[in-house]
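Given next are the chains, with one letter for each unit.
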Amino acid sequence: MTIGIKALNEERHIAAAIESAIAAAELADGTVLLADSGSDDRTVGFAGAYPVRIVQLADRAARSCGAGAQLAFQDCETEFFCLIDGDMVLQPAFVLAAIRYLRQHGDIAGVGGRVIERNLETEEFRIRAAAMATERHRREGIVDRLDGGGVYRVAALRSVGYFSDQNLKSFEEYDLAARLAQGGWKLARISVDAVEHNGHGGNGYRLLWRRLRSGQLSGAGQVLRGAIGQGHLPIVLRQLKHLHVAMAIWLWWAILVLTAVEMPAALLPLLVLPVAFLAYRRRSVVLGIFSFALWNATALGVVAGLFRRRVDPRRRLEASVLK
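Residues numbered from 1 in each chain as written. Predicted model: local features only at pLDDT ≥ 70, side-chain atom pairs only at ≥ 80, totals over all residues. Heavy atoms only, no water.

Here we take up the overall build of the protein. Looking only at helices and strands, the protein features 13 helices and ten strands. Taken against the 2.2 N^0.38 rule, which gives 20 Å for 323 residues, the C-alpha radius of gyration of the protein at 20 Å falls within 12% of a compact globule. Per-residue burial for the protein yields a buried fraction of 50% across its 323 residues. A fraction of 76% describes how many contacts in the protein between residues 6 or more apart in sequence connect residues 24 or more apart. When the accessible surface of the protein is totalled, it reaches about 15100 Å², and 57% of it is carbon and sulfur. Separation of charge centres in the protein, based on 39 positive and 32 negative side chains, amounts to 4 Å. (Helix = DSSP H or I, 4+ residues; strand = E, 2+ residues; numbered from the N terminus. Rg over C-alpha atoms; globule rule 2.2 N^0.38 Å. Buried < 20%, exposed > 50% of the residue type's maximum accessible area, 1.4 Å probe, protein only. Contact = heavy atoms within 4.5 Å. Areas by Shrake-Rupley, 256 points an atom, 1.4 Å probe, with all protein chains shown as cover. Lys, Arg positive; Asp, Glu negative; His and termini not counted. Charge placed at Lys NZ, Arg CZ, Asp CG, Glu CD.)

Right, dumping it as structure tokens:
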């Protein structure tokens, strides 16, 4: 098997990620590949000390979450492929359990496990960690997507054209899951710890602003645009909940405008109501306010994603082999 690590400026975490991948590869008779998207820090330098293959994206303008994942996969010739981020630590026992599950279930394209969030400082990751206990796709069994990586059957990935859409700034798991479902494949999650994730720290609002500026929040819109005219469009429209959130926010914006013209006195309740709802849902005023900001930023991002330029996702990514 091949274990791919996609990374961009991960000098703080890359050693732990590589060491965990090497340990898993030794158990599974596999190899490790680092796909670097043009890091400006010491990520590649640190990685060079390990017995892994290193490839680096040639065009930094093509940087994206989707491009990093596709770069890690595009030359894969093994039966199975596992992808993790450069800020993750892979659990070797999961890889063996996932391969065993794939061998026993021929209709399964990919297997995920439990994702353990280690950084609960930022509001976004606190919300994400709490959601893991309730979201259906986080539980054991057949799921509609694999957030947080997994082990995939390479034949299934090849059958749907490519692993990851290089146009996507985010939401590449949603896109892959929809294409696999359209192709007749299933995804599963097993009750085994898969990875520990060290997400971004610092102020949640600064991180949110950075993601909005970088286009990372445009991922849902990009997934929708890429699905238009394709067979997996109905799956995207049905399962991509961020599109549903965006449409609700657009409707709320329209109501605000009409209210400002017709009934200005009702503006304050309309502004307070969604914040109160989210505060109740998150059981925290602080997280409720952050969720409100995140929902509005997501609605803006979907619009931006619908108009972002696309290239053929099957196009080969040019890269330099550094080691």
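Here we take up the pattern of salt bridges. Applying the stated criterion across every chain yields a total of twelve salt bridges. Here Asp40 ties to Arg60 by a salt bridge, and the two come within 2.5 Å at their closest N and O atoms. You can see Asp40 sitting in the loop between β2 (31-36) and α2 (43-47) and its partner Arg60 sitting in the loop between β3 (53-57) and α3 (65-73), a full 20 residues away along the chain. For Arg60, a relative accessible area of 42% translates into the label partly exposed. Overlapping salt bridges bring together Asp40, Arg60 and Arg63 as one network. (Salt bridge = Lys/Arg side-chain N within 4 Å of Asp/Glu carboxyl O.)

Our focus in this paragraph is the side chain of Asp87. Within the secondary structure, Asp87 is located in the loop between β4 (80-85) and β5 (88-90). Salt bridges are absent for the buried Asp87, whose nearest opposite-charge side chain, Lys6, sits at 7.4 Å. A polar atom in the side chain of Asp87 sits 3.1 Å from the side chain of His197. (Polar contact = N/O pair within 3.5 Å; in protein donor to acceptor, adjacent residues only side chain to side chain.)

What follows deals with the packing of aromatic side chains. Tallied over the full model, the rule gives seven aromatic pairs. Pairing Phe73 with Phe81 gives two aromatic rings, centres 5.3 Å apart and planes at 65°, and the pair type is edge-to-face. For the pair shown, Phe73 and Phe81 are each scored as buried. Summarising the aromatic geometry, the rings of Tyr205 and Phe290 are spaced 5.2 Å apart at their centres and angled 75° between planes, so their arrangement reads as edge-to-face. Within this pair, whereas Tyr205 is found in helix α8 (residues 204-214), its partner Phe290 is found in helix α13 (residues 285-306), the two being separated by 85 residues in sequence. Its relative accessible area of 35% is what places Tyr205 among the partly exposed residues. Classification of Phe290 by relative accessible area gives buried; the value is 0%. In this structure an aromatic cluster arises from ring pairing among Phe73, Phe81, Tyr152 and Phe163. (Phe/Tyr/Trp six-rings, centres within 6.5 Å; stacked < 30°, edge-to-face > 60°.)

This brings us to a nonpolar patch on the surface. A cluster of nonpolar residues, Tyr205, Val285 and Ile289, forms a patch on the protein surface that exposes about 270 Å² of accessible area. For Ile289, the position within the fold is in helix α13. For Ile289, a relative accessible area of 39% gives the class partly exposed. (Patch = residues over 30% accessible without salt bridge, like charges linked within 9 Å, V, L, I, M, F, W, Y side chains within 5 Å.)

On to empty space enclosed by the protein, then. In total, this model carries two cavities of 30 Å³ or more according to the counting rule given. Of the pockets and cavities examined, the largest cavity occupies roughly 50 Å³. Every residue lining the largest cavity is listed: Asp144, Tyr174, Ala177, Ala178, Val223, Ile235, Val236, Gln239 and Leu240. The set of elements that each furnish at least two residues to the lining of the largest cavity consists of α7 (172-182) and α10 (233-239). Here the lining of the largest cavity is built from residues that sort into seven nonpolar, one polar and one charged. In this structure, the second largest cavity spans a volume of roughly 30 Å³. Looking at the second largest cavity, the residues that line it are Cys82, Leu83, Ile84, Leu90, Phe94, Gly148, Gly149, Gly150, Ala194 and Val195. (1 Å grid on protein atoms, 1.4 Å probe; cavity = no way out; pocket = protein on both sides within 12 Å on 5 of 7 lines; lining within 4 Å. Points joined across faces, edges and corners; volume = space filled by probe spheres on them. Nonpolar A, V, L, I, M, F, W, Y, C, P; charged D, E, K, R; others polar.)

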